[in-house]
Amino acid sequence: MSRLPDDLLVLVPGNSLLTATPEEGRALALTLARHTVHNIQPELDILQGGRPNYSTDPQALMHAVHVIAIEFATIAAANNYWRS
């Protein structure tokens, strides 16, 4: 079985939620969600084996979007909503 290397199992890349723009914040939210999944299931064969099931399930996709939205809200708050 192939496994992600431990150095890639980082929960918060760069150990910071600070970003320069909302676009960067959204990208970070997506990255955080993916890193969470990889930390829960680091075995690539198992992770990729389930992809055909959840990638075509509208409810599973909506749950993924919800997780990313929560991450983005956290990042936005950490960035003081980009200090208008």
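What you are looking at is a predicted structure, and each value in this text was computed from that prediction instead of being measured.

Draft legend 1. Here's a closer look at the packing of aromatic side chains. Under the definition given, this model contains one aromatic pair. On the numbers, 5.8 Å between centres and 25° between planes, the contact of Phe 72 with Trp 82 is stacked. You can see Phe 72 sitting in helix α3 (residues 58–78) and its partner Trp 82 sitting in the segment after α3, a full ten residues away along the chain. A residue is classified by how much of its surface remains accessible, and Phe 72, at 24% relative accessible area, is partly exposed. Over the aromatic face of Phe 72 sits the side chain of Arg 26, whose NZ or CZ is 5.8 Å from the ring centroid.

Draft legend 2. Structural detail: the nonpolar core. One finds Leu 28, Ala 29, Leu 32, Ala 33, Ile 68, Ile 75, Ala 76 and Trp 82 forming the largest nonpolar core, which totals eight residues. For this core, the secondary-structure elements that each account for two or more residues are α1 (22–40) and α3. Per-element accounting of this core gives the leading share, four residues, to α1. Excluding anything up to four places from it in sequence, Leu 32 contacts Leu 11, Val 12, Pro 13, Leu 17, Glu 71 and Ile 75.

Draft legend 3. Structural view of the packing of α1 against α3. Interhelical geometry of α1 versus α3 gives an angle of 130° and a closest axis separation of 8 Å. Taken together, α1 and α3 sit at an angle that is classed as oblique. Of the two possible hands of crossing, α1 and α3 adopt the one that is right-handed. Residue-level contacts link Pro 22, Gly 25, Arg 26, Leu 28, Ala 29, Leu 30, Leu 32, Ala 33 and Thr 36 of α1 to Val 67, Ile 68, Ala 69, Glu 71, Phe 72 and Ile 75 of α3. For the contact of α1 with α3, a count of residues per class yields eleven nonpolar, two polar and two charged.

Draft legend 4. Main features of the pattern of salt bridges. On inspection of all chains with the given rule, the structure shows two salt bridges. For Asp 6, the salt bridge is made with Arg 3, and the minimal N-O distance between the two is 3.7 Å. By relative accessible area, which is 58% here, Asp 6 ends up exposed. Here Arg 3 makes a salt bridge to Glu 43, at a shortest N to O gap of 3.7 Å. One end of the pair, Arg 3, is in the segment before α1; the other, Glu 43, is in the loop between α1 and α2 (44–54), with 40 residues separating them in the sequence. It is possible to trace a salt-bridge network through shared partners that takes in Arg 3, Asp 6 and Glu 43.

What counts as what
Residues numbered from 1 in each chain as written. Predicted model: local features only at pLDDT ≥ 70, side-chain atom pairs only at ≥ 80, totals over all residues. Heavy atoms only, no water. Phe/Tyr/Trp six-rings, centres within 6.5 Å; stacked < 30°, edge-to-face > 60°. Helix = DSSP H or I, 4+ residues; strand = E, 2+ residues; numbered from the N terminus. Buried < 20%, exposed > 50% of the residue type's maximum accessible area, 1.4 Å probe, protein only. Lys NZ or Arg CZ within 6 Å of the ring centre and 35° of its normal. Core = buried A, V, L, I, M, F, W, Y, C linked by side-chain atoms within 4.5 Å. Contact = heavy atoms within 4.5 Å. Axes fitted to C-alpha atoms, helices over the stretch in contact; angles between N-to-C directions. Parallel < 35°, antiparallel > 145°, perpendicular 65-115°, else oblique. Left-handed = near helix turned anticlockwise from the far one by under 90°. Nonpolar A, V, L, I, M, F, W, Y, C, P; charged D, E, K, R; others polar. Salt bridge = Lys/Arg side-chain N within 4 Å of Asp/Glu carboxyl O.

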